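What follows is the residue order along each chain.
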Amino acid sequence: MFKKNYRQDNAMAYTMLLPILALLTIFVIIPFVYAACVSFYNWSFYQDSTFVGFRNYYLVLTDRLFGKSVWTGLKFALMVVPSMLILSFLFANLIKNIGSKMGSFVKTAIYIPTIISGIVASVIFVFIYDYTGGLANYVLGLFGTEPKAWLADVGSALPSVAAPAIWLGFGLTSLIMLAGLYDIPESYYEAADLEGAGAFKKMWYITIPLLRNVILYLLVTGFTAQISQYELSLVMTGGGPLDATTTPNLYIFNHFRNDVMVGNSIAASLLLFVVLGAISAIIFRVLNSEKAVDG
Amino acid sequence: MQKSSSIPKVLLTVISGLVALVALFPLIWVVIAGFKGKAEVLATPFRFFPKVWLAENYAEILKDPVFTKAMAVTFGGAVLFAALTLFVNASAAYVFARLEFRFKRLLWVYVIMTMFVPAMSILLTSFIVVNKLGMLDTLAVLVLPGVASAGQMFFIRQFYLNIPLALEEAALIDGAGRFRIFTSIFVPMSFPVFVIVGIGAYLGYWNSFVWPTMTITNPDLFQIMQYLYNFRSERGSEMGLLMAGSALAAAPTLILFLIFQRYIIAGIKISGLK
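Cut-off values and rules
Residues numbered from 1 in each chain as written. Chains lettered and ligands numbered in written order. Predicted model: local features only at pLDDT ≥ 70, side-chain atom pairs only at ≥ 80, totals over all residues. Heavy atoms only, no water. Helix = DSSP H or I, 4+ residues; strand = E, 2+ residues; numbered from the N terminus. Rg over C-alpha atoms; globule rule 2.2 N^0.38 Å. Buried < 20%, exposed > 50% of the residue type's maximum accessible area, 1.4 Å probe, protein only. Contact = heavy atoms within 4.5 Å. Areas by Shrake-Rupley, 256 points an atom, 1.4 Å probe, with all protein chains shown as cover. UniProt positions renumbered as here; feature names shortened; annotations may be inferred.

Undergrad: Quick question: what am I supposed to make of the overall build of chain A here?
TA: The helix and strand inventory of chain A stands at 14 helices and two strands. Radius of gyration (C-alpha) of chain A: 24 Å, far over the 19 Å computed for a compact globule of 295 residues. The C-alpha extent of chain A, read off along each of the three principal axes, is 80 × 75 × 30 Å. Across the 295 residues of chain A, 52% fall into the buried class. Sequence separation of 24 or more characterises 67% of the internal contacts of chain A that already satisfy a separation of 6 or more. Counting every atom, chain A has about 14,100 Å² of accessible surface; 66% of that belongs to carbon and sulfur.

Undergrad: Can you help me understand the overall build of chain B in this one?
TA: Looking only at helices and strands, chain B has 13 helices and zero strands in total. The secondary structure elements of chain B, listed N-terminal to C-terminal, are α-α-α-α-α-α-α-α-α-α-α-α-α. Relative to a compact globule of 274 residues, whose C-alpha radius of gyration would be 19 Å, chain B shows 23 Å and is clearly more extended. For chain B, the C-alpha atoms occupy an extent of roughly 75 × 65 × 35 Å along the three principal directions. Residue burial in chain B is summarised as follows: out of 274 residues, 53% are buried. Carbon and sulfur atoms form 70% of the exposed surface of chain B, whose accessible area is close to 12,100 Å².

Undergrad: Just to check I follow, could you spell out the UniProt feature "transmembrane region" (unreviewed entry) in chain A for this structure?
TA: All names here are of chain A. Here the UniProt feature "transmembrane region" (unreviewed entry) sits at residues 76-96, 108-129, 161-182, 203-227 and 266-287. With 68% helix and 0% strand, the stretch residues 108-129 has end C-alpha atoms that lie 26 Å from each other. For residues 203-227, helix accounts for 96% and strand for 0%, while the C-alpha atoms at its two ends are 30 Å apart.

Structural data, given as structure tokens:
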């Protein structure tokens, strides 16, 4: 980045960088360093803190509920991400093959849920799941099935929270896939046509391999985003029933609200940071490298 | 895939239309449910449309001064937030894209590093910091902490790297300062990228509720999602009102999106993978 003999503009550069540097330092770096320190202390709002070394980390890692929340987060991500990707992939192929007028209407329509807040989505879905007057049980009723307590049943609560997550994320994923599809040269398909390849073969040997980067990107970002999801469970179920919808971030958030000692929850959030931060750092490196552009 | 497919195009069009409807359905439903009478919202048997269309829920929620104030304050805050986000991140993006200066590499790493800090790990300590700074219950606590964003900066910088150098060389020879070049050449060319970043910032602000719930207790500064969250926990049984409130809370975002949708959907291509 440094070139000798190139005019340097130190003063102007620092002046224009000042706002971003100051804001990031105050609102990201200091809180982060602070959090790292607090995680080694027996810290609370109301008393002097004492240094406890790795005890907080030990407590978190041995807390059965934390382990359970990580497992819940994994299950949640596994419910949301693969189904969302498969649906988006199929749907992006579909949009590509319909007329452009209908196509732009459909693109707008599926993108709209993306801009809806987690709160509004939660409110809507809580109504849909309502036991007596909700849509979900009405549909079950049409098939002659008994109504279900969707959000109150340990077995169905997590999938019921996963549904709005898919609803919220499906549009953007489809549109990114579609952008990837448009980048595949049409000539590849024409060549395949000449060889007499069917639709399935073209998808398997051309589309999927050439979309590999896009799919990988969506897979990893989707996974980190979904495992960090907590707003939906917070509003829809509060983490219940029996912690069945307590994702790792909700576990941490609930501890912030209810515990006097916060060292534990901060240690937990830093442990997650190591894992999620590492994942996003890897994606960033891959995407920022020249190789990714060539596929 | 311009193919001689066995599946006729009409069928594909019908299917995609149906998917679009399914995607929109929950939103349409909440708007319609807002028109139902108090007893009818969750009445059995289930009915999609109200027996009589009543505007009472919408009228009543609009009469609640806390609600209308929250809408106005959140909108104002979101616009301010988006403007500041653009200013702070675009100037940094320009500096990193074009200027040479001491410690460039180091400062770049310093800024980019913050992208990998998950919000949850600094949620509580950020609260302690703003508390120590005496920022609780002010507009500043809602707006300032999220303004600087390495991700947004990076996105704008990628856009600036693609602007040809030739455009500014003439200006440099004429002796124009770097800041002037930024405001008179780069900013006017940034419209498409500013729309995407600006709307993204607006959305992030408008939809946030955890941070406002932690830092704002003064009803004059309540944020709209915070209002809905409180409403749901305190008056959750008044479902018609909650539906109407949710529909109204989604409205400004929807309108904004529909105005700028062309740029946003094109932006997905830019942001996609390069």
